Amino acid sequence: MNDMVLQKLDQGLLTITMNRPDRRNALNPDMTRGLVEAARRAAEDHEVRAVLLRGAGGTFCVGGDVKSMAEGRAPLPFEAKMANLRRGMEVSRILHEMPKPVVAQVDGAAAGAGLSIALACDLRVASASAKITTAFAKVGLSGDYGGTYFLTHLLGSAKARELYLTSPVLTAQEALALGIVTRVVADAEVEAAAHELAMSLAQGPSVTLGYIKRNINNAEHLSLEACFDAEAIHHSRSGETVDHKEAAKAFVEKRKPVFQGH
């Protein structure tokens, strides 16, 4: 297993940890390969019911390793550089599209591609002192890992243009006000809060949560009628699950349901 990306499966929750704390979890080729492998495992492993994505050492991810970029190594041919980047960017697509909820624990900083990956997740729990920025323009880059797509869909094109073109550094509270993060908690509580949220999803009605995520993803690009059709299909299928029957029984019996994930 790639030691720059750690994986731990516990009660249906796969915790993926970016593990370059000495470089604030800046992305390099080994880390990006490990992230793609971990995301694929999360999507394909039936034992995984939810994902928690975090960074080691108190920082989520500061994006690409700019220090390495500046070291003046022999540049790759354009086609090879583009192909390598595109392969690494698959982590954002997989996290966004997999029919399982993904929570990002955003502490320290989420910048550049690190912010893009956080935006690919479904929910983001931020620490009070976290700093959030697109960062790309400040280092002469236009952006990658889907950040322009996710931010435009999340906030609209006007705000996405502002955040990319001027690249302000947002506080966690400013990001919360914009809707970039889901929740802000004290620094000392962020690990527990993110884990608790992710575990609650892992213990939820997994099939139904996957259909909810698909419905919302559909709304980003399908027509209203196509979304209606998909909702009808997914609602009917979720109504046939063991978890739905358990939830209905629990409702009648006035107790908390115990979901099995099927």
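This report concerns the structure included in the present document.

Cut-off values and rules
Residues numbered from 1 in each chain as written. Predicted model: local features only at pLDDT ≥ 70, side-chain atom pairs only at ≥ 80, totals over all residues. Heavy atoms only, no water. Pairing = 2+ DSSP bridges. Helix = DSSP H or I, 4+ residues; strand = E, 2+ residues; numbered from the N terminus. Axes fitted to C-alpha atoms, helices over the stretch in contact; angles between N-to-C directions. Contact = heavy atoms within 4.5 Å. Salt bridge = Lys/Arg side-chain N within 4 Å of Asp/Glu carboxyl O. Buried < 20%, exposed > 50% of the residue type's maximum accessible area, 1.4 Å probe, protein only.

**Focus: the sheet that holds strand β6 (residues 123-127)**
Item 1. The 6 strands lie next to each other as β1-β2-β3-β4-β6-β9, forming an open sheet whose pairing is mixed. A strand with exactly one partner marks an edge of an open sheet, and here the two such strands are β1 (5-10) and β9 (183-185). When strand polarity is set aside, the average angle formed by the axes of neighbouring strands in this sheet is 20 degrees.
Item 2. Pairing analysis gives 4 bridges linking strand β4 (residues 102-106) to β6, with the strands arranged parallel. Across the sheet, Gln 105 pairs through a bridge with Val 125, a residue of β6.
Item 3. The sheet strands contacting helix α1 (residues 29-44) are β1, β2 (13-18) and β3 (50-55), and the helix crosses β2 at an angle near 175 degrees.

**Overview of unusual backbone geometry**
Item 1. The phi dihedral of Tyr 145 falls on the positive side, at around 60 degrees, and the residue is not glycine.
Item 2. Within the element layout of this structure, Tyr 145 appears in the loop between β7 (131-133) and α6 (147-155).
Item 3. Backbone geometry at Ser 167 places phi at a positive 50 degrees, although glycine is not the residue there.
Item 4. Mapped onto the elements, Ser 167 comes out in the loop between α7 (157-165) and β8 (170-171).

**A look at the sheet that holds β7**
Item 1. The mixed open sheet is built from 3 strands, whose spatial order is β5-β7-β8. This sheet does not close on itself; its edge strands, each paired only once, are β5 (109-111) and β8.
Item 2. Of the strand pairs in this sheet, β5 and β7 are connected by 3 bridges, and their pairing is parallel. For Ala 110, the partnering residue across the bridge sits in β7 and is Ile 132.
Item 3. Helix-sheet contacts for helix α5 (residues 113-120) involve β5 and β7, and the interaxial angle to β5 is about 100 degrees.

**Concerning the pattern of salt bridges**
Item 1. In the structure shown here, the tally under the stated rule is 11 salt bridges.
Item 2. The shortest N-O distance in the salt bridge between Asp 65 and Arg 20 comes to 3.1 Å. Of this pair, Asp 65 sits in the loop between β3 and α2 (66-69) while Arg 20 sits in the loop between β2 and α1, placing them 45 residues apart in sequence.
Item 3. Overall, the relative accessible area of 6% leaves Asp 65 in the buried class.

**Some remarks on the pairing of β4**
Item 1. Of all the 5 residues making up β4, 5 are buried; the element is thus mostly covered by neighbouring parts of the structure.
Item 2. Burial of β4 is two-sided: the residues Val 102, Ala 104 and Val 106 facing one way and the residues Val 103 and Gln 105 facing the other way are all buried.
Item 3. As paired strands, β3 and β4 are joined by 3 bridges and run parallel to one another. Along β4, the bridge assignment pairs Val 51 with Val 102.

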